[in-house]
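Single-letter residue listing:
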Amino acid sequence: MENNRQNRSRPSAGKTMVGLLKEFGKEFHNANEQLAQEISTNRSIQRVSNWKEQILAFKFFDSDLELLEGHKSRLISSTLLSNLICSVVTKHLPSNTTVSEAEKWFHPDQQDTFSRYISPQVQFNISSKLNEILPRISMDMLPYLFEIFETGQETAEAIGSNRVKKKDNGIYYTPSDVIEFIVSRCALKSKKKTNLSSWYDPAVGTGAFLLGVVRQHFREEEIDEDFLGTCLFGTDISPFALQSTAYLIMSTCLKSSRIKQHPRYIWQTVGRNLALCDATKIFSKEILRNIFPNVGIQGFDFIISNPPYSKRKNRQLDIFANDDNEIVSEEIYPDFVRMLFELTSEDGSGGMVVPLSITCNSKPKFRTLRKFIQSKSGVAEFWNFDRTPDSLFGDDVKTRNTIIIYHDDRSQPALDVQSTYLHRWNSRNRQNLFKSISATPLNYKFELANGIPKVGDEMGSNLLSHFQEIRGSLAEIIRPSSQGSSDLAIKSTAYNWIPIELNPSTTSSIGKTFWSVQDSNVSSEMIYATLNGRLTYWVWRAWSDGFHLNNNLINELPFGNDFFQKVDKYRLNQLGQELWESIQSEKIVTRNAGVESYSYCPLKFEELISQIDRIIFDVFEIPIDYVQYLKNHINSLIYAGRELEQSISKKIKYLELTQA
């Protein structure tokens, strides 16, 4: 029973550890609150002069002293509980260990300990609450359990949208399979010997990525002190995160037969390469060397991270401060992506998991970042993941993500950009997630500033390349209009099809853009048919975030004057009329926040759509086998690995799932 419980909570299961935190976190949170309250009112503890030397293993600067003093009671409390957790999890002390005994284990030579001033009653209350839980805590759980010290009750109990503090600050648990994929992929792409290399996480959190490096090293050979002192580096804006990282790596390394040192010595060795700082201000390798002099000017061999997805705060080093800590600028994570491409050493590699917006956001900051990426040499892979039916970070954190893998290779004259499709998947098959997709070279010239197309195989890459030769766009034929004078309406979001109305009614305009046809030789039925073709849907998925359907993308579709001069207008018009008449029976009505909206699903009429596809492909001189290719691709997106689930099959039973 115990093993089953642990397996359900393992991060490698692709969960966000909410189940774990609800099961164990509440008691640890309550213990931390009680202990911190005791420490804050205990004058004897407050007078311990060397408190920082006892509990802080990481580097910090004089400007950080006020911040550290402000968190003094909680830092001491979390340290005492970390001693307790790690001593029991590593089996150095029994599960009925007290806070005082654990501190003595960690500080055997320290006379003026903190716990000597804590009342026996408080220590008894904490021990009685935690003794039953501690035997059920595994090493896999530590990175996630340590979050209790930073975000407390919210981490322990809140889920979904209620986890306001964590969500506002863009901090999400990284599943261990994602970490393992990034670490192993970086090692695979690099020419460097990973056992002698430097690994750096600029937003280290509780150390899960560095733990991934340690675990990979364990698989190759034993950990030793040289590895700990020269290979693992991290920065963070949270002292609690750095503190937890040192404890996490220490606990993992205690089982190494080559390390004979005391736990505190290991903790200090790891901590020497951890620093309290805002990594987004590390603009160059020179600044990096000032923080970590032993790295030198060459930069890090490997940079790995799950950076925060938040926006910059007024007091970045006190990001968990109250509401007066205002947002002062745009998203932070692009600054970390820049570090990945700027601070790696020659022949170095790195990987980060970031929001999907890196591939398609049109803000100047993102366009500039992608242009900067394109200026580099080597290989850049973009592994793209949709948020439905399942999300990379689990259902508690529904985000669309991109994993970036970069390898610096000065021998290449230009950057080799590789990409996957915007992958949909079923969490029941999570163990095969990274085996089921591949990154494909985009073998054509394009401006990365405009976006990173998401294609995942050679046929997709060839199709995308073909489009680069097509002149003209739909903007030559249609333009936005008011609802009363429109020929077409297109919703601003999409999922399994492009939601279009022909001759839209005047009863509803929610979430729609209205268009009028400007060319008298082109009918609205022709436009309607063209936009329902699988090619349009495929192009949208390749260039968008898989949800928003904006006007720019519609304008840039390759259906301009040249296309409509060559197309069989009569037949395309006829197919558009027939599809619109048929689709009236497939009206999909949804209600959100009391507001009703609708769209028309074309997927049941796949033969009509295939006929439209053949006409379009004939004009563009695309091989006819791409009709079946796109059909298979879109069907697989809709099923998303759920072919055997009866509820899904009944819902979309009209789809004929065939193999390419």
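Residues numbered from 1 in each chain as written. Predicted model: local features only at pLDDT ≥ 70, side-chain atom pairs only at ≥ 80, totals over all residues. Heavy atoms only, no water.

1. Quick notes on the sheet that holds strand 2 (residues 232–236)
At step 1: With respect to topology, nine strands assemble into an open sheet ordered 3-2-1-4-7-9-8-10-11, the strand pairing being mixed. With one partner strand each, in any of the chains shown, strand 3 (274–276) and strand 11 (440–441) form the two edges of the open sheet.
At step 2: The pairing of strand 1 (residues 199–201) with strand 2 spans three bridges and is parallel. Each residue of the ladder has a partner; that of Y200, found in strand 2, is F233. (Pairing = 2+ DSSP bridges. Helix = DSSP H or I, 4+ residues; strand = E, 2+ residues; numbered from the N terminus.)

2. Thoughts on the packing of aromatic side chains
At step 1: Under the criterion given, the structure shown has 29 aromatic pairs.
At step 2: For the pair Y200 and F300, a centre-to-centre distance of 4.5 Å together with 20° between the ring planes defines the contact as stacked. With Y200 in strand 1 and F300 in strand 4 (residues 300–305), this residue pair connects regions lying 100 residues apart in the sequence.
At step 3: Seen from their ring centres, F233 and F292 are 5.3 Å apart, and the 75° between their planes marks the pair as edge-to-face. In this pair, F233 sits in strand 2 while F292 sits in the loop between helix 17 (285–291) and strand 4, placing the two residues 59 residues apart along the sequence.
At step 4: With relative accessibility at 0%, the residue F292 sits in the buried group.
At step 5: Each member of the aromatic cluster is reached from another via a ring pair, and the members are F467, F559, F563, F564 and F620.
At step 6: Above the ring of Y495, the side-chain terminus of R424 is found at 4.1 Å from the ring centroid.
At step 7: The aromatic ring of Y598 is capped on one face by K587, whose charged end is 4.3 Å from the ring centroid. (Phe/Tyr/Trp six-rings, centres within 6.5 Å; stacked < 30°, edge-to-face > 60°. Buried < 20%, exposed > 50% of the residue type's maximum accessible area, 1.4 Å probe, protein only. Lys NZ or Arg CZ within 6 Å of the ring centre and 35° of its normal.)

3. Quick notes on the pairing of strand 8 (residues 378–385)
One face of the sheet, then the other: side chains in a regular strand alternate in exactly this way.
At step 1: Within strand 8, eight of the eight residues are buried, leaving the element largely enclosed by the surrounding structure.
At step 2: Pairing geometry for strand 8 and strand 9 (residues 401–408), over eight bridges, is antiparallel. Among the inter-strand pairings, A380 is bridged to a residue of strand 9, identified as Y406.
At step 3: Taken together, the seven bridges between strand 8 and strand 10 (residues 415–423) define a ladder with parallel strand orientation. Residue pairing across strands places N384 opposite L422, the latter belonging to strand 10.

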